[in-house]
Amino acid sequence: MRIYVDQLDCTGAGQCEQLAPDVFALLDDGLATVRDADGEPMADGGAPSGAVVDASRTARVLDAIDVCPGACIRRLPD
Ligand code: SF4
């Protein structure tokens, strides 16, 4: 699975980072993004390419997608 955050709709409430801090990062500007393979926050929420989510993190990422109040964690085709 690959994901990115559509920052236009991000409310900055941070549930994604609380559930999966190894996948998401809440930035100083109050918007979330995804982390790259080195754990560094990606520019533009990781759009358009997205960050790869490995199997060990998938369940927590799906939980984050479910609770995201902005419905802005986008899933890309594998
Ligand atoms: S849960 Fe959704 S709306 Fe909230 S900070 Fe994360 S991406 Fe943004």
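What comes next is a walk through the structure. In this text the structure is predicted, and so the values were computed from the model without any measurement. (Residues numbered from 1 in each chain as written. Predicted model: local features only at pLDDT ≥ 70, side-chain atom pairs only at ≥ 80, totals over all residues. Heavy atoms only, no water.)

### Looking at the pattern of salt bridges
Using the criterion set out here, one finds five salt bridges in the structure. Its salt-bridge partner being Arg 74, residue Asp 6 comes within 3.1 Å of it at the nearest N-O pair. One end of the pair, Asp 6, is in the loop between strand S1 (2–5) and helix H1 (15–19); the other, Arg 74, is in strand S5 (residues 73–76), with 68 residues separating them in the sequence. Where Arg 74 meets Asp 9, a salt bridge forms, and the shortest distance between an N and an O atom there is 3.4 Å. With Arg 74 in strand S5 and Asp 9 in the loop between S1 and H1, this pair connects stretches of sequence that are 65 residues apart. Residue Arg 74 is classed as partly exposed on the basis of its relative accessible area of 26%. A relative accessible area of 38% means that Asp 9 is categorised as partly exposed. Members of the salt-bridge network, linked through shared partners, are Asp 22, Asp 54, Arg 57 and Arg 60. (Salt bridge = Lys/Arg side-chain N within 4 Å of Asp/Glu carboxyl O. Helix = DSSP H or I, 4+ residues; strand = E, 2+ residues; numbered from the N terminus. Buried < 20%, exposed > 50% of the residue type's maximum accessible area, 1.4 Å probe, protein only.)

### Topic: the side chain of Thr 33
Take Thr 33: it is sitting in strand S3 (residues 32–34). Residue Thr 33 is classed as buried on the basis of its relative accessible area, which comes to 0%. Leave out the neighbours within four places in its chain, and Thr 33 touches Val 5, Gln 7, Val 23, Phe 24, Ala 25, Leu 27, Pro 41, Met 42, Gly 45 and Gly 46. (Contact = heavy atoms within 4.5 Å.)

### Concerning the sheet that holds S5
Spatially, the three strands line up as an open sheet ordered S4-S1-S5, and their pairing is antiparallel. The open sheet is flanked by strand S4 (51–52) and S5, the only strands paired with a single partner. Note that S1 and S4 share two bridges and pair antiparallel. In the strand pairing of S4, Arg 2 is matched with Val 52. (Pairing = 2+ DSSP bridges.)

### Digging into the nonpolar core
Core analysis: the biggest nonpolar cluster contains 17 residues, and Ile 3, Val 5, Val 23, Phe 24, Val 61 and Ile 73 have the highest contact counts within it. Counting residues per element, the ones that place at least two in this core are S1, S3 and helix H2 (55–67). (Core = buried A, V, L, I, M, F, W, Y, C linked by side-chain atoms within 4.5 Å.)

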